[in-house]
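What the coordinates show
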Amino acid sequence: MDACLFCQIANRERPVKMVYEDEQSVAFEDINPKAPVHILIVPRQHLATILDATQADDRLLGHLLLVANLIAKQIGIAERGFRLVINCNSEGGQAVFHLHLHLLGGRPLSWHPA
Ligand code: AMP
Ligand code: ZN
């Protein structure tokens, strides 16, 4: 998946503001932030959408949620609160077809999922 933007970012072939890295995942600041905190948590493994995950990926999916947990605590928004979002396919608003979690926070978030 050489042409995949988030594979390239995970491989350090494109510059981003990286905030976290481990063997299974990377996390970096969204280039077009929708909130004061807008971090993308991305598995190194290329899965185009959440629909491409299988039982074999259950630990990876759990890991991504725990990375969000860790980052929220590290950057000091855990107590105030935050939101995790996964967009899927066209009507879900997915633009980059490599699975990622949005970690949003740093201001009160209203519930307007659009
Ligand atoms: P989604 O609509 O869920 O696929 O979200 C894709 C996100 O990737 C958007 O919030 C974009 O702003 C973000 N994005 C696209 N290109 C880059 C990039 N080069 N570096 C960081 N974030 C990016
Ligand atoms: Zn990819």
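Structure first, text after, so check above.
Summarised in this report is the structure supplied together with it. Please read all numbers here as calculations on a predicted model, not as lab measurements.

Applying the stated rule across the entire model yields two salt bridges. Here Glu 21 and Arg 12 are joined by a salt bridge, their closest N and O atoms 2.7 Å apart. The partner of Arg 44 in a salt bridge is Glu 21, and the shortest N-O contact between them spans 3.1 Å. Note that Arg 44 is positioned in the loop between β3 (37-43) and α2 (58-74) and Glu 21 in strand β1 (residues 18-21), a separation of 23 residues in sequence. On the basis of relative accessibility, which here comes to 30%, the residue Arg 44 falls in the partly exposed class. Residues joined by salt bridges that share partners form a network here, namely Arg 12, Glu 21 and Arg 44.

We now examine the packing of aromatic side chains. Across all of its chains, the model carries one aromatic pair by this definition. When the centroid spacing of 5.5 Å and the interplanar angle of 80° are considered together, the rings of Phe 6 and Phe 28 count as edge-to-face. With a gap of 22 residues between them, Phe 6 in helix α1 (residues 5-10) and Phe 28 in strand β2 (residues 25-29) connect regions that are remote in the sequence. Comparing Phe 6 with Phe 28, the two get one shared label, buried.

Here is what the cut-offs are and how they apply
Residues numbered from 1 in each chain as written. Chains lettered and ligands numbered in written order. Predicted model: local features only at pLDDT ≥ 70, side-chain atom pairs only at ≥ 80, totals over all residues. Heavy atoms only, no water. Salt bridge = Lys/Arg side-chain N within 4 Å of Asp/Glu carboxyl O. Helix = DSSP H or I, 4+ residues; strand = E, 2+ residues; numbered from the N terminus. Buried < 20%, exposed > 50% of the residue type's maximum accessible area, 1.4 Å probe, protein only. Phe/Tyr/Trp six-rings, centres within 6.5 Å; stacked < 30°, edge-to-face > 60°.

Any link to function would need more than the numbers given here.
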